[in-house]
Amino acid sequence: MDVESVIRILKETHPDSKISLDFRNIFELLVATMLSAQSTDQMVNKATPSLFAAYPDPQTMADATAEDIVPYIKSIGLYNTKSKSLVKMAKLLVEEHNGTVPASMKALTALPGVGRKTANVVMGNGFKIGDTGITVDTHVTRIANRIGWTTEKSAIKIEKDLMRIIPEEDWVDITHLLISHGRTICPARHPQCKSCPISSHCESAFSFQ
Ligand code: SF4
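Residues numbered from 1 in each chain as written. Predicted model: local features only at pLDDT ≥ 70, side-chain atom pairs only at ≥ 80, totals over all residues. Heavy atoms only, no water.

Right, let's talk about the environment of Lys-194 for a bit. As for its position among the elements, Lys-194 is in the segment after helix 11 (171-184). For Lys-194, a relative accessible area of 77% translates into the label exposed. When the C-alpha positions of Lys-194 and Ala-155 are compared, they lie 28 Å apart, and in sequence the two are 39 residues distant. (Helix = DSSP H or I, 4+ residues; strand = E, 2+ residues; numbered from the N terminus. Buried < 20%, exposed > 50% of the residue type's maximum accessible area, 1.4 Å probe, protein only.)

Right, here's the structure in full:
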């Protein structure tokens with residue numbers, strides 16, 4: 001299995017792949033990523049400008065109630081749970097981290113509503129620390145299985161398999177590359193194997209036709 005060739009081809013095929021959430025600082029990245037669970041990045045990007053205008057930092061969000069937050073995120077799935085998590089998360093930032101987002105996997109995953117996936121996004125795309133893990137979403141899950149990089153279904157096990165074979169310097173990029181590949185060439189239904197530049201490296205190539 002030539003993992004490095006696949007990564008090189010994916011980089012050539014999707015040169016502009018990057019995180020599609022809009023944010024101006026790490027606090028906004030954290031909030032946007034928390035909101036993106038069970039939702040699309042486009043829906044989150046529509047909601048966050050007014051949310052960030054009203055609650056631009058941990059202190060203002062910590063002073064709010066969940067009910068205050070709901071109207072700003074009502075278009076996003078699970079808004080009741082997410083509004084509660086946002087306020088609790090902001091309170092903890094204020095109380096334990098001087099109102100800043102901590103640059104540590106352990107501290108991030110200790111925040112309410114922040115799991116390993118969200119923490120990986122913040123570490124890699126906010127702090128540019130990419131050696132803590134690989135963000136595994138639905139596209140990464142599907143394509144890593146199709147290519148043959150893993151046979152696992154749970155995000156935590158897939159992440160472990162990918163961390164074993166993917167060079168550390170690509171741990172942030174690989175998520176965006178696989179998401180771009182999933183959106184354009186290898187969607188859940190009707191993957192375009194005939195035009196796929198990594199078909200010669202993929203264990204599932206042409207098995208869908
Ligand atoms: S060869 Fe087909 S299944 Fe494999 S990554 Fe490409 S599009 Fe997806």
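Moving on from the model shown.
Quick look at the nonpolar core now. Membership of the largest hydrophobic core comes to 35 residues, with the highest contact counts inside it found for Leu-30, Val-31, Leu-51, Met-61, Ile-69, Leu-86 and Met-89. For this core, the secondary-structure elements that each account for two or more residues are helix 2 (26-36), helix 3 (41-54), helix 4 (58-62), helix 5 (66-73), helix 6 (79-97), helix 7 (105-109) and helix 8 (116-126). Among the elements that take part in this core, helix 2 stands out by supplying seven residues, more than any other. (Core = buried A, V, L, I, M, F, W, Y, C linked by side-chain atoms within 4.5 Å.)

This part covers the domain arrangement of the chain. When cut into domains, the chain gives domain 1 (3-16 + 134-201) and domain 2 (26-126). Computed from C-alpha coordinates alone, the two centres of domain 1 and domain 2 are separated by 27 Å. At the interface, ten residues of domain 1 touch seven residues of domain 2. When domain 1 packs against domain 2, close to 600 Å² is buried across both sides, 48% of that on carbon and sulfur atoms. Together, Thr-135, Glu-159 and Val-172 form the three largest contributors to the area buried by domain 1 at its contact with domain 2, with a combined 55%. Here domain 1 and domain 2 share one salt bridge between them. Note that Glu-159 and Arg-116 form a salt bridge whose closest N and O atoms lie 2.8 Å from each other. Run the count over domain 1 and domain 2 and you get four residue pairs in polar contact (both at pLDDT 80 or more). (Domains from an automatic or database assignment. Contact = heavy atoms within 4.5 Å. Buried area = accessible area lost by both parts, 1.4 Å probe. Salt bridge = Lys/Arg side-chain N within 4 Å of Asp/Glu carboxyl O. Polar contact = N/O pair within 3.5 Å; in protein donor to acceptor, adjacent residues only side chain to side chain.)

Here we come to the packing of helix 9 (residues 138-147) against helix 11. Between helix 9 and helix 11, the least distance of the axes is 9 Å, while the angle of their chain directions is 85°. Of the possible angle classes, the one that applies to helix 9 and helix 11 is roughly perpendicular. Residues His-139, Val-140, Arg-142, Ile-143 and Ile-147 of helix 9 pack against Thr-175, Leu-178, Ile-179, His-181, Gly-182 and Arg-183 of helix 11. Here the residues of the contact of helix 9 with helix 11 sort into five nonpolar, four polar and two charged. (Axes fitted to C-alpha atoms, helices over the stretch in contact; angles between N-to-C directions. Parallel < 35°, antiparallel > 145°, perpendicular 65-115°, else oblique. Nonpolar A, V, L, I, M, F, W, Y, C, P; charged D, E, K, R; others polar.)

A few words on the site of the ligand. As a structural note, the neighbourhood of the ligand is formed by 13 residues, with Cys-186, Cys-193, Cys-196, Cys-202 and Phe-208 the closest of them. Looking at the shell around the ligand residue by residue, the classes come out as nine nonpolar, three polar and one charged. (Near = heavy atom within 4 Å.)

Our next topic: the side chain of Thr-175. Relative to the helices and strands, Thr-175 is located in helix 11. The buried category is assigned to Thr-175, whose relative accessible area is 5%. Among all residues touching Thr-175, those that are not within four sequence positions of it are Ile-134, Thr-135 and Val-140.

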